[in-house]
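The primary structure of each chain is shown beneath.
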Amino acid sequence: MGLGLSAQDWERYHRLVAERRAETLSGVEQAELIQTSDLIEQANAKRMRVAIALAKLRSQSLAEVWKKLVASIASLSEEAIAS
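Reading the values: the criteria
- Residues numbered from 1 in each chain as written.
- Predicted model: local features only at pLDDT ≥ 70, side-chain atom pairs only at ≥ 80, totals over all residues.
- Heavy atoms only, no water.
- Helix = DSSP H or I, 4+ residues; strand = E, 2+ residues; numbered from the N terminus.
- Expected span 1.5 Å × (residues − 1).
- Buried < 20%, exposed > 50% of the residue type's maximum accessible area, 1.4 Å probe, protein only.
- pLDDT = per-residue confidence, 0-100.
- Lys, Arg positive; Asp, Glu negative; His and termini not counted.
- Salt bridge = Lys/Arg side-chain N within 4 Å of Asp/Glu carboxyl O.
- Polar contact = N/O pair within 3.5 Å; in protein donor to acceptor, adjacent residues only side chain to side chain.

The next thing to look at is helix α2 (residues 27-58). Taking 1.5 Å of rise per residue, the 32 residues of α2 would be expected to cover 46 Å, and the 46 Å separating its terminal C-alpha atoms lies within 8% of that figure. Residues Glu-29, Leu-33, Thr-36, Ile-40, Ala-43, Arg-47, Ala-51 and Ala-55 constitute the buried set of α2.

With that settled, the discussion passes to the confidence of the model for the protein. When the pLDDT values of the protein are averaged, the result is 89; 92% of them are 70 or greater. Within the protein, no element has a lower average pLDDT than helix α3 (residues 62-82), which sits at 82, and none a higher one than helix α1 (residues 7-21), at 95.

Moving on to the side chain of Arg-47. As for its placement among the helices and strands, Arg-47 is situated in helix α2. It turns out Arg-47 is buried and unbridged, and the closest side chain with the opposite charge, Glu-41, is 8.9 Å from it. Among the polar contacts made by the side chain of Arg-47, one reaches the side chain of Asn-44 at a distance of 2.5 Å.

In structure tokens, the structure reads:
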């Protein structure tokens, strides 16, 4: 359930957040940060809707499904690092 930003976009997002905290964000950068934050929020909402639908299909709680999804993602990440 990727539905998120690329690694490059995440790096840019974190730089913008750091600039906001340092109070050095320009107006253009603030607009970019807001737009990126909106995209992240939309992806998170979609991820949650998918997880809720999966929980209903499996007759499981959302917590159970989410725990399994997180474990699967962690396992894939470990495999990617190992190779």
